[in-house]
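# A structural walkthrough
The lines below spell out each chain.
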Amino acid sequence: MINERRLVDLFLKYVQIDSESRKEENFREVLEQDLRELGMEVTADEAGNLFFALDGDEKAEPLLFTAHMDTVVPGQSIRPVIKSGGDTVLGGDDKSGIAAIVEAIRVMKEEKIPHRRVEVLFTVEEEIGLNGSRAADLGQVRSRYSIAMDGCGPMDEIVVNGAGQANVEIEITGVAAHAGNSAEKGVSAVIAAADAVSAMKLLKVDEETTANIGTVTANSPANIVCSHIRMLGEVRSRDNEKLERQLEHMRSCVEQACRKHGASFQFRANRIYEGYRVEDEAFLAILRAAYEKLGVTPKYGVTMVGSDSNILNQRGLKAVVLPTGMTNPHALTEQLAVKDLVFTAELVLELIRL
């Protein structure tokens, strides 16, 4: 049985250890020590990810659990309190997942619960590009199925369909001229950019696709026709073909606007990660059974937010995301209900248990 007081104390301990992306060292050392005290043989790969496994019944399907050690900024000197508001994020993203996994394994060992093979990967730099899972050494992983304890949706939701993301950089070059005495000789990059953006389908493109231009920069003084503008944006879609079509649409809008105004352009798109859809019935049956043991009928959900599951699906595993109860992640109003944290640990334990 999950020890609520011990679990909460563990979570509070973890969130008070600074671990912003690329600064996970202190937390990794504490986590490594805690796991070794539980009898785990922990290994760290070159990227800084932690991995350990417990052999179990070979007849049962092994499972890989993942959670990330880093938090977003601002995440230093976190002091969790039982009230709303604060000067930092809580860090529940994703130390709630880590604490739940550690407590579930502790209970499993204490109560000598028969279990399947359990594999755990705690990653670094998830918040700044899923870098840890991208670089993780999966050589010791025997699981076909992976579960990221990193969701912020309803507690009964299994995220089986996640969006892919591409970052976009657009540069438009016109011709500089004095805006007072020779404006007609200039080609305004601003005007070309405005025409391009106004022609684009942006924000919620359809039920599976979003697009956004978030940054526009130009450094010309007010009396000079602007000759250069740079825009940064992104596209997300749960359908990889739709994502590609949206990128081509945006590029076409830029090309047509620049042709109209006599400007030149560069359009660069970088696919950060691919979308995924998990439909493996054997895997889903394992997940449903664990929820049902806890008296919950699960539902399948979707997300537009990236996670380590995006990368692990690309790398050949079937990977989903399960919730941990965190609310308003990445915001100063981030919070986590104790009952949801306990349920998360109970769910991990049921997934482990035979």
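An account of the accompanying structure is given in this report.

### Digging into the overall build of the protein
Secondary structure summary: the protein contains 9 helices and 16 strands in total. Each of the 354 residues in the protein was classed as buried or not, and the buried ones make up 53%. When contacts within the protein are restricted to residue pairs at least 6 apart in sequence, long-range pairs at least 24 apart make up 80% of them. Looking at the protein as shown, the accessible area adds up to about 16000 Å², and 48% of this sits on carbon and sulfur atoms.

### Observations regarding the pattern of salt bridges
Per the stated rule, a full pass over the model turns up 27 salt bridges. Close ionic contact of Arg-251 with Glu-255 constitutes a salt bridge, the shortest N to O distance being 3.4 Å. In this pair, Arg-251 and Glu-255 are both assigned in helix α6 (residues 240-261), 4 residues apart and thus about one turn of the helix distant. Via salt bridges that share partners, Asp-55, Glu-58, Arg-117, Glu-119 and Arg-142 belong to a single interconnected network.

### Description of the sheet that holds strand β8 (residues 203-206)
Strands sit in the order β8-β9-β10-β7-β11 across an open sheet of 5 strands; the sheet is antiparallel. Across the chains shown, the open sheet's two edge strands, defined by having one partner strand only, are β8 and β11 (264-273). Across the sheet, the mean angle separating the axes of adjacent strands is 20 degrees when strand polarity is ignored. Of the strand pairs in this sheet, strand β7 (residues 164-173) and strand β10 (residues 228-237) are connected by 10 bridges, and their pairing is antiparallel. For Ile-172, the partnering residue across the bridge sits in β10 and is Ile-229. Lying on the sheet, helix α5 (residues 189-199) is in contact with β7 and β10; it crosses β10 at an angle near 15 degrees.

### Brief notes about the state of the cysteines
If you walk through the whole model with that rule in mind, you get 0 disulfides. Sulfur of Cys-253: no disulfide; nearest cysteine sulfur belongs to Cys-258 and is 11 Å away. Judged by its relative accessible area of 10%, Cys-253 falls in the buried class.

### Observations concerning α6
Look at α6: 32 Å from first C-alpha to last across 22 residues, which is about the 32 Å you get at 1.5 Å a residue. Residues of α6 that are buried include every one of Leu-243, Gln-246, Leu-247, Met-250, Cys-253, Val-254, Ala-257 and Cys-258, and no others. Buried residues of α6, viewed axially, fall in a sector of 125 degrees; they line one side. Along α6, exposed side chains directed more than 90 degrees from the buried face belong to Glu-241, Arg-245, Arg-259 and Lys-260. Buried residues belonging to α6 abut β7, α5, β8, β9 (209-217), β10 and β11. Measuring from the side-chain oxygen of the N-cap residue of α6 to the backbone nitrogen of Glu-241 gives 2.8 Å; that N-cap residue is Asp-239.

Calculation criteria
- Residues numbered from 1 in each chain as written.
- Predicted model: local features only at pLDDT ≥ 70, side-chain atom pairs only at ≥ 80, totals over all residues.
- Heavy atoms only, no water.
- Helix = DSSP H or I, 4+ residues; strand = E, 2+ residues; numbered from the N terminus.
- Buried < 20%, exposed > 50% of the residue type's maximum accessible area, 1.4 Å probe, protein only.
- Contact = heavy atoms within 4.5 Å.
- Areas by Shrake-Rupley, 256 points an atom, 1.4 Å probe, with all protein chains shown as cover.
- Salt bridge = Lys/Arg side-chain N within 4 Å of Asp/Glu carboxyl O.
- Pairing = 2+ DSSP bridges.
- Axes fitted to C-alpha atoms, helices over the stretch in contact; angles between N-to-C directions.
- Disulfide = S-S within 2.5 Å.
- Expected span 1.5 Å × (residues − 1).
- Arc of directions from axis to C-beta.
- Polar contact = N/O pair within 3.5 Å; in protein donor to acceptor, adjacent residues only side chain to side chain.

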